[in-house]
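# Chains, contacts and geometry: an overview
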Amino acid sequence: MGNRAMSKELITLGNRVREERKRQGLSQESLAELVGVSTNTVSRIEGGQTAMSVDVFRKIVQELGIDANELLGIKQMRKENDGSWWALSHDMKKLEKRELDVVCRTMETLVSELRKS
């Protein structure tokens, strides 16, 4: 793959990172802090000016709560109407274990009751 193709792919990936970060209302600074890199690094990734390590990519995927394939453009997992699910799952990552246990038990009960109807 030539440098031009690689640059285009880095720009596309960087744009996806930027779009998802903004969609979630995160600043470059806050994403950088979550991932453990400098704000300058996030800026360069989003601008397609630098490739990121696998470790940084993994942390970005984890912190944004997005499917790696979706971020890479391999597979579009989201549909128009499930954005609220993604936002909810991102918020759930911030809960303490006991709070998350309550949410999970509640969801299990709701799903069980819905299956009965």
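Below: a short report on this structure. (Residues numbered from 1 in each chain as written. Predicted model: local features only at pLDDT ≥ 70, side-chain atom pairs only at ≥ 80, totals over all residues. Heavy atoms only, no water.)

### Structural notes on helix H2 (residues 28-35)
Note the cut-off: Partly exposed describes any residue whose relative accessible area lies between the buried limit of under 20% and the exposed limit of over 50%, with all areas from a 1.4 Å probe on protein chains only and scaled to the type maximum. Helix and strand assignments come from DSSP, with helices taken as H or I runs of at least 4 residues and strands as E runs of at least 2, each series counted from the N terminus. As used here, the arc is the angular range of directions from the helix axis to the C-beta atoms.
Residues of H2 that are buried include every one of Leu31, Ala32 and Val35, and no others. For H2, the angular spread of the buried residues around the axis is 100 degrees, confining them to a single face. Two residues or fewer after H2 comes Gly36, characterised by a positive phi angle close to 85 degrees.

### Thoughts on the nonpolar core
The cut-off we apply is this: To form a nonpolar core, buried Ala, Val, Leu, Ile, Met, Phe, Trp, Tyr and Cys residues must be joined to one another through side-chain atoms within 4.5 Å. It only takes one pair of heavy atoms within 4.5 Å for two residues to be counted as in contact.
Formed by 16 residues in total, the largest nonpolar core has its most connected members in Met52, Ile60 and Leu71. If you list the elements that add at least two residues to this core, you get helix H1 (3-23), H2, helix H3 (39-46) and helix H4 (54-64). Leave out the neighbours within four places in its chain, and Ile60 touches Val17, Val35, Ile45, Met52 and Leu71.

### Considerations on the side chain of Arg21
What counts here: Here a polar contact is taken to be a pair of N or O atoms separated by no more than 3.5 Å, where protein atoms must pair a possible hydrogen donor with a possible acceptor and residues adjacent in sequence count only if both atoms sit in side chains.
Relative to the helices and strands, Arg21 is located in helix H1. In this structure the side chain of Arg21 is engaged in a polar contact, spanning 2.5 Å, whose partner is the side chain of Glu46. Apart from residues no more than four positions distant in its own chain, Arg21 is found in contact with Leu26, Ser27, Gln28, Leu31, Glu46 and Leu64.

### Points about the pattern of salt bridges
Basically, it comes down to this: Any Lys or Arg side-chain nitrogen located within 4 Å of an Asp or Glu carboxyl oxygen qualifies as a salt bridge.
For the structure shown, the criterion picks out eight salt bridges. Two residues, Glu46 and Arg21, come together in a salt bridge whose shortest N-O distance is 2.5 Å. Of this pair, Glu46 sits in helix H3 while Arg21 sits in helix H1, and the two are 25 residues apart along the sequence. Summarising the burial analysis for this pair, Glu46 and Arg21 share the class buried. Lys97 is the partner of Asp101 in a salt bridge, and the nearest nitrogen-oxygen pair spans 3.1 Å. One end of the pair, Asp101, and the other, Lys97, are both in helix H7 (residues 97-116), four residues apart, so they sit about a helical turn from each other. We classify Asp101 as partly exposed; its relative accessible area is 29%. Relative accessible area serves as the criterion here: at 62%, Lys97 is assigned to the exposed category. One salt-bridge network, held together by shared partners, links Arg18, Arg21 and Glu46.

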